[in-house]
Amino acid sequence: MKQRLSHKVVLSSTCALLITACGSNSANNSPNNTPDTTNTSNTVPIGIAVAQTSNVALLGQEQVAGVKIAEKYFNEKGGINGTPIKLVFQDTSGDEAGAINAFQNLINKDKVVGIVGPTLSQQAFSANPVAERAKVPVVGPSNTANGIPEIGDYVARVSVPVSIVAPNAVKAALKQNPNIKKVAVFFAQNDAFSKSETEIFQKTVKDQGLELATVQKFQTTDTDFQSQATNAINLNPDLVIISGLAADGGNLVRQLRELGYKGLIVGGNGMNTSNVFSVCKALCDGVLIAQAYSPEHPGEINAAFRKAYVDQFKKEPPQFSAQAFAAVQVYVDALKALDNQSKVNTLQLPQLRTELNKQILAGKYNTPLGEISFTPIGEVVQKDFYVAQIKMEKDGIQGRFTFLK
């Protein structure tokens, strides 16, 4: 069981904190290959292990945007009681090996105090044990499969489990069309999250008294879904539910529409990104996706995050960016609280990581997602959830998530 924060922190006798960002955060490892000009001699390094390449990069790019906004925002507010944070990036790519390598580099080479990542639940099941063995805190920004916090004492997440969020989209579809009877389900069988999410969707379908007409499997690397789509359409479903990622999920939506399917479509969390617009274009219109974040959520910090995102990207911030921002905020707020008890620059790195992990689990955080906290095992506690529907412009290129009442 994960431990709660003790009220006293034992100081190290040697006062040898390793608060230095390391050489691996060079132009080659920074997003967009931008040179790193920040003074790293007196900073707190936080690792960012997300997918900057591969088909998963459509999600990882949004996470990079969120953490970069967080870095600027919190450093402008004084960082960790006067000491700036420094994000250290490692690309996980889209597979387990990439995530493991990124975690090992951040822990052993970059000497980070903790890690935000990885992008996929599939990667988390492989990479998080690396951090657990090294006793390095991990805050998952987008890992929503069942069983993530249970990986270990040093694993937490700001992403609400799919079992809480996913059913909302099916209920929204039934509200739009109460005559739904038959449902076709698609899921990526090579992705741990998609397999976890589809189980929730299928249970919800049955709980709502609907007929599960067919379950079609695919791979996240697939581009041709003609066979699966045709099989499903031949059964005349009233609703299609897709658990996949942005590229494969978007292509599946497009091919379903091209083959003549006209009913409602529910997309899973892996499709919860505006990057899907460029994949299915005008045919994305109408897709329903449950949300753990709304740009309209009240609160000063969300207003600041939303403004910064819109100013930079000229569109509303997506959930993946907001959750990534929140993950960095958890580290900042926890480090500040820890520093108020005992200056973190007096702690050796192993002790700092351990005490930081305890503080993360003990804290409450007012984030763009709303107020969140953690259970003793690292599960996020959040109360506000939403459902959005994609609305594409007439040009078939621009689109937006419209939040349903």
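Owing to the predicted nature of the structure, the values given are computational and were not obtained by experimental measurement.

(A) Inspection of the pattern of salt bridges at higher detail. The final tally for this structure, using the stated rule, is 10 salt bridges. Linking Glu379 and Arg157 is a salt bridge whose minimum nitrogen-to-oxygen distance equals 2.7 Å. Here Arg157 lies in strand S5 (residues 155-157) and Glu379 lies in the loop between strand S12 (370-374) and strand S13 (380-381), a separation of 222 residues in the sequence. You'll find Glu379 and Arg157 in the same group, each marked buried. Of the charged contacts in the structure, one is a salt bridge between Glu258 and Arg254, with a shortest N-O distance of 3.2 Å. Placement of both Glu258 and Arg254 in helix H8 (residues 246-258) is noted, with a separation of four residues, approximately one turn of the helix. For Arg254, a relative accessible area of 24% translates into the label partly exposed.

(B) Spatial organisation of the packing of helix H1 (residues 57-76) against helix H11 (residues 319-341). Between H1 and H11, whose axes approach to 7 Å, the crossing angle comes to 40°. Viewed along their axes, H1 and H11 adopt a mutual orientation that is oblique. Two packed elements cross with a definite hand, and for H1 against H11 that hand is right-handed. Between H1 and H11, the contacting residues are Leu59, Glu62, Gln63, Ala65, Gly66, Val67, Ile69, Ala70, Tyr73 and Phe74 on the first element and Phe320, Ser321, Ala324, Phe325, Val328, Gln329 and Val332 on the second. Its residues assigned to classes, the contact of H1 with H11 shows 12 nonpolar, four polar and one charged.

(C) A look at helix H10 (residues 300-313). Here H10 spans 20 Å end to end across 14 residues, near enough to the 20 Å set by a 1.5 Å rise per residue. Buried positions along H10 lie against H1, H11 and strand S11 (364-367). Following H10 by one or two positions, Lys314 has its phi on the positive side, about 60°.

(D) Representation of the sheet that holds strand S10 (residues 288-291) within the structure. Sheet architecture is open: seven strands sit in the order S7-S6-S8-S9-S10-S14-S15, paired in mixed fashion. Looking at which strands have only one partner, the edges of the open sheet turn out to be strand S7 (211-218) and strand S15 (399-403). Put simply, the sheet's adjacent strands are angled 25° from each other on average, direction ignored. Judged from the five bridges that link them, strand S14 (residues 386-392) and S15 form a sheet pairing that is antiparallel.

(E) Structural view of the packing of H10 against H11. Packing of H10 against H11 leaves a shortest axis separation of 12 Å and a crossing angle of 125°. Considering the angle they form, H10 stands oblique to H11. Between H10 and H11 lies a crossing whose hand is right-handed. Across from Ile301, Phe305 and Tyr309 in H10, the residues of H11 making contact are Ser321, Ala322, Phe325 and Gln329.

(F) Representation of the environment of Glu300 in the model. Note that Glu300 resides in helix H10. Considered as a pair, Glu300 and Asn366 are 66 residues apart in the sequence and their alpha carbons are 9.3 Å apart.

(G) Layout of the pairing of strand S2 (residues 85-91). Most of S2 is tucked away, with six of its seven residues classed as buried. One ladder, built from seven bridges, connects strand S1 (residues 44-50) with S2; its direction is parallel. Following the sheet pairing, Gly47 is matched in S2 by Val88. With H1 bridging S1 and its parallel neighbour S2, the resulting β-α-β unit is right-handed.

Cut-off values and rules
Residues numbered from 1 in each chain as written. Predicted model: local features only at pLDDT ≥ 70, side-chain atom pairs only at ≥ 80, totals over all residues. Heavy atoms only, no water. Salt bridge = Lys/Arg side-chain N within 4 Å of Asp/Glu carboxyl O. Helix = DSSP H or I, 4+ residues; strand = E, 2+ residues; numbered from the N terminus. Buried < 20%, exposed > 50% of the residue type's maximum accessible area, 1.4 Å probe, protein only. Axes fitted to C-alpha atoms, helices over the stretch in contact; angles between N-to-C directions. Parallel < 35°, antiparallel > 145°, perpendicular 65-115°, else oblique. Left-handed = near helix turned anticlockwise from the far one by under 90°. Contact = heavy atoms within 4.5 Å. Nonpolar A, V, L, I, M, F, W, Y, C, P; charged D, E, K, R; others polar. Expected span 1.5 Å × (residues − 1). Pairing = 2+ DSSP bridges. Right-handed = clockwise from strand over helix to strand, strands pointing away.

The analysis is restricted to geometry; functional conclusions fall outside its scope.
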